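Now for the letters of each chain:
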Amino acid sequence: MRRRNILNNNEDNDPMSVVSNLFDVAMVFAVALMVALVTRFNMTEMFSKEDFTIVKNPGKENMEIITKEGEKINRYTPSEDKENKSGSKGKRVGIAYELENGEIIYVPED
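The structure reproduced in this document is the subject of the present report. Worth saying up front: this structure is predicted, and the values here are computed from it rather than measured.

So, the sheet that holds strand E3 (residues 72-76)
Stage number 1. Across the sheet, which stays open at both edges, the three strands sit in the order E1-E2-E3 with antiparallel pairing between neighbours. Edge positions in the sheet fall to strand E1 (52-56) and E3, since each of these pairs with one other strand and no more. Averaged over all neighbouring strand pairs, the angle between strand axes comes to 15°, with direction disregarded.
Stage number 2. Bridging between E1 and strand E2 (residues 64-69) involves five bridges; their strand directions are antiparallel. Note that in E2 the partner of Phe52 across the bridge is Lys68.

Here it is in structure tokens:
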């Protein structure tokens, strides 16, 4: 008789226990996915306490500038601000290079 009770132990008949286990698995998966994305795109700077500036796609039309100052993260997209206050559009007129000694050289484009 005792052997039969061990085999028919009905303590785990709660259907909500499966849902709580699925929630735990989903949370672990979500955290692992976030960590993988942060390391894949080299965005570990977002978690540091240092201020930084990132320029994505420099010199192209879809260029984006991301700055972090303290706890505040700013995102600037020059393509959204194509028209300035005067209503005219700008264009690229040259390239500036900084030498090792700190001197900046401007090279105009034709």
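Let's talk about the environment of Pro78
Stage number 1. Topologically, Pro78 is positioned in the loop between E3 and strand E4 (94-98).
Stage number 2. Since its relative accessible area comes to 23%, Pro78 is described here as partly exposed.
Stage number 3. Linking Pro78 and Asn62, residues 16 residues apart in sequence, is a C-alpha distance of 7.9 Å.

Describing the pairing of strand E5 (residues 104-108)
Stage number 1. Sheet topology note: the E4/E5 ladder contains five bridges and is antiparallel. Following the sheet pairing, Tyr97 is matched in E5 by Ile105.
Stage number 2. Where E4 folds back onto E5 in an antiparallel hairpin, the turn is made up of five residues, including Gly102, whose phi is positive at roughly 95°.

Digging into unusual backbone geometry
Stage number 1. One non-glycine residue, Asn57, lies in positive phi territory at about 55°.
Stage number 2. With relative accessibility at 33%, the residue Asn57 sits in the partly exposed group.

Things to note about the side chain of Thr67
Stage number 1. As for its placement among the helices and strands, Thr67 is situated in strand E2.
Stage number 2. Note on Thr67: relative accessible area 18%, which makes it buried.
Stage number 3. Thr67 has contacts with Phe52, Thr53, Lys72, Ile73 and Asn74, leaving out every residue within four places of it along the chain.

Points about a nonpolar patch on the surface
Stage number 1. On the surface, Phe29, Leu33, Leu37 and Phe41 cluster together to form a nonpolar patch covering roughly 440 Å² of accessible area.
Stage number 2. For Phe29, a relative accessible area of 58% gives the class exposed.

Comments concerning the side chain of Thr77
Stage number 1. Tracing the backbone shows Thr77 in the loop between E3 and E4.
Stage number 2. In this structure Thr77 comes out as buried when scored by relative accessible area, which is 13%.
Stage number 3. What Thr77 contacts, discounting residues up to four positions off in sequence, is Met63 and Glu64.

Considerations on the pattern of salt bridges
Stage number 1. For the coordinates displayed, the defined rule picks out two salt bridges.
Stage number 2. For the salt bridge of Lys56 with Glu64, the shortest nitrogen-to-oxygen distance reads 3.8 Å.
Stage number 3. Overall, Glu64 belongs to the buried group, its relative accessible area being 12%.
Stage number 4. Two residues, Arg75 and Glu64, come together in a salt bridge whose shortest N-O distance is 2.2 Å. Of this pair, Arg75 sits in strand E3 while Glu64 sits in strand E2, and the two are 11 residues apart along the sequence.

Here is what the cut-offs are and how they apply
Counting restarts for each chain, with residues numbered from 1 along the sequence as it is written. Residues qualify for local features only when their pLDDT is at least 70, as the model is predicted, and side-chain atom pairs are given and counted only at 80 or more; totals for whole chains, interfaces and linings, by contrast, use all residues. Side-chain metrics in this entry use all non-hydrogen atoms of the structure; hydrogen atoms and water are not considered. Whether two strands pair comes down to DSSP finding at least two bridges between them. Comment: elements are numbered from the N terminus, with helices defined as DSSP H or I runs of at least four residues and strands as E runs of at least two. In this analysis an axis means a line fitted to C-alpha atoms, helices contributing only their contacting stretch, and an angle means the value between N-to-C directions, from 0 to 180 degrees. Here the term buried applies to any residue with accessible area under 20% of the maximum for its type, exposed to any over 50%, and partly exposed to those in between, with areas from a 1.4 Å probe on protein chains only. The criterion used for residue contact is that any of the two residues' heavy atoms lie within 4.5 Å. Each patch is built from salt-bridge-free residues with over 30% relative accessible area, joining like charges within 9 Å and nonpolar side chains (Val, Leu, Ile, Met, Phe, Trp, Tyr) within 5 Å. Calculation of accessible area relied on Shrake-Rupley with a 1.4 Å probe; when residues are assessed, cover is drawn exclusively from the protein chains displayed. Any carboxyl oxygen of Asp or Glu that lies within 4 Å of a side-chain nitrogen of Lys or Arg is treated as forming a salt bridge with it.

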